[in-house]
Structure formats: C-alpha cells, structure tokens
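So you can see what is in the structure, the chains are spelled out below.
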Amino acid sequence: MNTVLQINNLCKSYEGFKLDNVSFSLQQGHIMGFIGRNGAGKSTTLKSLLNLVHPDSGEICFWGNSFKENELEIKRSIGFVAGGVDYYPRVKLKTITKATRKMYGSSWDDTAYKRYMEMFSLSENKTPAQLSAGMRVKYALTLALSHNAKLLILDEPTSGLDPVSREDLLEVFLNLADKGVTVLFSTHITSDLEKCADDITYIKNGRIMASCALRDYVNQYVVAKLTAEQLQQQAVQSASLGIRRIKGGYSCLLKRTDAPVLAQDLTAATLEDIMVHMEKEAE
C-alpha cells in the first residue's frame, strides 16, 4: 500500500501552546479522522501541512516527496478546505469558480463540478453573502472536489451541515476512497467517523495520543457503569482512564483487558466515549 502522507516530528510553538513532535502517516485510499478538543492542535497541524502555518521544525512528505522542495506540484494534487470558509461576499459563485478553474487548468473536471453543485443544491448566480455558513462550506467542498485531487485535507468539513447533507458528504468520501482518493479530515462529530473512517489520529494538547486503525483503537476500550461505592475501589481508581458523572452513578473508561476483574456492567466504547472520558481525566 502506498503512503500518501508522512509527517515526522512536526513542531510549532506559540505563546501558551506547542505542537510537540507530531508524527503520523496516511495510506492511499484511506479515510482518516483527526480528532481532539478545541485548541488541541488540529487546525495548526493541517495548515502546517500546506505551509499556511510555518512549522518550526519537522519533515512533511507527500507521495514520498519533500513538501519543501515540491510545494507547487504537490498542492495541485490536493484539495484543501479550512475552517471559517470565506470569499468575496458580493461576487457571484460563477465568477469565483471561473477564477478557480484557471488555477487548475486541465485537471479541472467540469462534470464533477456540476454534479457536486447539484448534489449540494447550489446556484452559481448566488453570492457568498446570500449563503448560510453551511452552504458556504458546501461550495468550498465543491471546489475542492472538482479538480481530481488525489488527497483531500479538510478542517471541520461537516461543521454547520444538516444531518442529510452530512450523510451525503460521507457518501462522497466513501465513493472517492473506492477510487483511490485519500481523505484526511478533522471533526468534532465522532459519529461521522464511525460511519466512514478507516483510521483515527487523536491529538491532545499538541501531542499525538494515538494514530491507528479506527476499529483497533475503539476495540481497546469499554465503559463501565459504576455506583459511588464501586468508584472508590482502589483497583478501579488505578485502572480508570477517565470518569464521567451520569444519571444513576458514574461511567468509567477502562482498557478492555482490565475491565472483567473490575466491573460487570460493561458496554463497548464508542469513539465519543473514549474522547470525552480521556479529556475529562485531564481536567
């Protein structure tokens, strides 16, 4: 399997925050979800990949080629949508599309463009000012999907979309992956990842906590429902990876290998369970 993206020891420091030796890789045709709470470093990482944020150190390679040495060529093969999509508010979409089409030349696919415009119910005669935040995201995605990109890097692409539009977009991702297109996207909607992602990368306070197959990651954990008395057991306290207050007691995240000897009321952990318990543990 071909490695599309390889990141080694990526670092970026700001006052009060540090992206700390971020490393992970992404394989061709895979969909990877990038998760972490607000301020964890997701957007900084994604923007660093394309030099929109200048990293302090680290190595970034696309398709085995150094990004520093092949920036223009690599960017032509990538579709990128950042959070906070914005355009000239009074310019019609068809004018924005015309300018974008020129940038990509022969790689632009008008058939795909028209298909996505129709799928997302977008009109070329409208301006960004006439679109909702969700519709502006749909338009940005349409442009990103319309030049035969081999890799999509998307920062919160489902944010602001209604459930039906989110399902449509996830179906697009799955269809693209079947054709060998690779997708890396950050999101807070972990249920979306469980529907489409092959892999997961979890970042916390600027450091990568996990990067592996989604199924393998989720299968490591279970959630135990405990009473206040059970929660006080030393074995539970030692093994706990995070505790949440719930109706009727407490929920506790445990490694699957530890759980049977500590609790009986167990359920399989979801990606959301894992994230909220681990983040709670850090508070």
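Think of each chain on its own: its residues are numbered from 1, step by step along the sequence as written. It should be noted that, the model being predicted, local features are given only for residues of pLDDT at least 70 and side-chain atom pairs only at 80 or more, the latter also being counted only at that level, while totals for whole chains, interfaces and linings use all residues. The side-chain values count all of the structure's non-hydrogen atoms but skip hydrogen atoms and water molecules.

(A) Structural context of the overall build of the protein. Elements are defined by DSSP. Helices are runs of H or I of four residues or more, strands are runs of E of two residues or more, and each kind is numbered from the N terminus. Broken down by element type, the protein carries 11 helices and 14 strands. Taken against the 2.2 N^0.38 rule, which gives 19 Å for 283 residues, the C-alpha radius of gyration of the protein at 21 Å falls within 12% of a compact globule. In the protein, which comprises 283 residues, the proportion classed as buried is 47%. What makes two residues a contact is simply this: any of their non-hydrogen atoms within 4.5 Å. Within the protein, residue pairs in contact and separated by at least 24 positions form 68% of the contacts whose partners lie at least 6 positions apart. Taken as a whole, the protein presents about 14,200 Å² of accessible surface, with 47% of it coming from carbon and sulfur. Here the protein contributes 33 positive and 32 negative side-chain charges, whose respective centroids are spaced 6 Å apart. Computation of the radius of gyration draws on C-alpha atoms alone. For the globule rule, the value is 2.2 Å times the number of residues to the power 0.38. Burial here depends on accessible area, computed with a 1.4 Å probe over protein chains only, as a share of the maximum for the residue type. Under 20% is buried, over 50% is exposed, and the range in between is partly exposed. We get accessible surface area from the Shrake-Rupley algorithm with a probe of 1.4 Å; when it comes to residues, only the shown protein chains can shield them. The charged-residue count follows a simple rule in which Lys and Arg add positive charge and Asp and Glu add negative charge, with His and chain termini not counted at all. One atom stands in for each charge, and that atom is NZ of Lys, CZ of Arg, CG of Asp or CD of Glu.

(B) Fine view of the packing of aromatic side chains. Two rings belonging to Phe, Tyr or Trp (six-membered ring only in the last case) form a pair when the distance between their centres is within 6.5 Å. Interplanar angles under 30 degrees mark stacking, angles over 60 mark edge-to-face geometry, and anything in between is tilted. Evaluation of the coordinates by the stated rule reveals 7 aromatic pairs. Aromatic side chains phenylalanine 62 and tryptophan 63 sit 6.1 Å apart centroid to centroid with 40° between the ring planes, which places their arrangement in the tilted category. A relative accessible area of 0% places phenylalanine 62 in the buried class. Feature note: the residues Phe62, Trp63 and Phe67 constitute an aromatic cluster, connected by ring pairs. To sit over a ring, a charge needs its Lys NZ or Arg CZ within 6 Å of the ring centre and within 35 degrees of the ring normal. Over the ring of tyrosine 116 we find arginine 115; its NZ or CZ atom is 5.1 Å from the centre of that ring. Here lysine 150 stacks its cationic end above the ring of tryptophan 63, 6.0 Å away from the centre of that ring.

(C) Fine view of the pairing of strand β7 (residues 151-155). The buried fraction of β7 amounts to 5 of the 5 residues, a majority that puts the element mostly inside the structure. Going residue by residue along β7, you find Leu151, Ile153 and Asp155 tucked away on one face and Leu152 and Leu154 tucked away on the opposite face as well. Pairing between strands is defined by DSSP: at least two bridges between them are needed. For strand β6 (residues 78-81) and β7, the ladder comprises 4 bridges, and the chain directions are parallel. Bridge pairing links phenylalanine 80 to isoleucine 153 in β7. Note that β7 and strand β8 (residues 182-186) share 5 bridges and pair parallel. Bridge pairing links leucine 151 to threonine 182 in β8. Classification remark: right-handed applies to a crossover when, strands pointing away from the viewer, the course from the first strand over the helix to the second runs clockwise. Each parallel crossover has a hand, and for β7 linked through helix α6 (residues 163-178) to β8 it is right-handed.

(D) Structural view of the side chain of lysine 42. For lysine 42, the location among the structural elements is in helix α1 (residues 42-49). Here a salt bridge means any side-chain nitrogen of Lys or Arg lying within 4 Å of a carboxyl oxygen belonging to Asp or Glu. Despite its burial, lysine 42 pairs with no opposite charge, the nearest such side chain being glutamate 156 at 4.5 Å. Reaching out from lysine 42, the side chain makes a polar contact with the backbone oxygen of arginine 37 at a distance of 3.4 Å. Not counting residues up to four positions away in its chain, the partners in contact with lysine 42 are Phe34, Ile35, Gly36, Arg37, Glu156, Ser186, His188 and Ile203. Here a polar contact is taken to be a pair of N or O atoms separated by no more than 3.5 Å, where protein atoms must pair a possible hydrogen donor with a possible acceptor and residues adjacent in sequence count only if both atoms sit in side chains.

(E) Geometry of the sheet that holds strand β13 (residues 249-255). A sheet is described by the order of its strands in space; here 4 strands give the open sequence β12-β13-β11-β14, paired in antiparallel fashion. Of all the strands in the sheet, just β12 (243-246) and β14 (266-268) have a single pairing partner and so form its edges. Across the sheet, the mean angle separating the axes of adjacent strands is 30° when strand polarity is ignored. With 6 bridges joining them, strand β11 (residues 221-226) and β13 adopt antiparallel strand pairing. Along β13, the bridge assignment pairs valine 223 with leucine 253. Between N-to-C directions, angles span 0 to 180 degrees; the directions come from axes that are lines fitted to C-alpha atoms, helices contributing only their stretch in contact.

(F) Focus on the environment of proline 157. Within the fold, proline 157 resides in the loop between β7 and α6. Given the relative accessible area of 1%, proline 157 is considered buried. Taking the C-alpha atoms as reference points, proline 157 and serine 186, separated by 29 residues in sequence, lie 7.5 Å from one another. In this view, proline 157 contacts Val137, Leu141, Leu169, Phe173, Phe185 and Ser186; residues no more than four positions away in its chain are not counted.

(G) A look at helix α4 (residues 110-119). Of all the residues in α4, the buried ones are Ala112, Tyr113, Tyr116 and Met117. Buried positions in α4, seen along its axis, are confined to an arc of 135° and lie on one side of it. Seen from the buried face of α4, the exposed residues on the opposite side, beyond 90 degrees, are Thr111, Lys114 and Glu118. One side-chain oxygen of the residue at the start of α4 lies 3.0 Å from the amide nitrogen of threonine 111, identifying that residue as aspartate 109. Just downstream of α4, serine 121 is the residue with a positive phi angle, here 55°. The arc in question is the one traced by the directions running from the helix axis out to the C-beta atoms.

(H) Region of the structure containing the packing of α4 against helix α5 (residues 133-144). The geometry of α4 relative to α5 is characterised by a closest axis approach of 9 Å and an angle of 160° between their N-to-C directions. Between α4 and α5, the angle falls in the class roughly antiparallel. Our pair here, α4 against α5, has a crossing hand that is right-handed. Seen from α4, the contacting residues are Tyr113, Tyr116 and Met117; seen from α5, they are Tyr139, Thr142 and Leu143. Counted by class, the contact of α4 with α5 contains 5 nonpolar, 1 polar and no charged residues. Orientation categories follow fixed angle ranges, with anything under 35 degrees roughly parallel, anything over 145 roughly antiparallel, 65 to 115 roughly perpendicular, and all other angles oblique. Left-handed describes a crossing whose near helix is turned anticlockwise from the far helix through less than a right angle; right-handed describes the clockwise counterpart. Only Asp, Glu, Lys and Arg are considered charged, only Ala, Val, Leu, Ile, Met, Phe, Trp, Tyr, Cys and Pro nonpolar, and every remaining residue, Gly among them, polar.

Take it as geometry only, folks, not as evidence of what the structure does.
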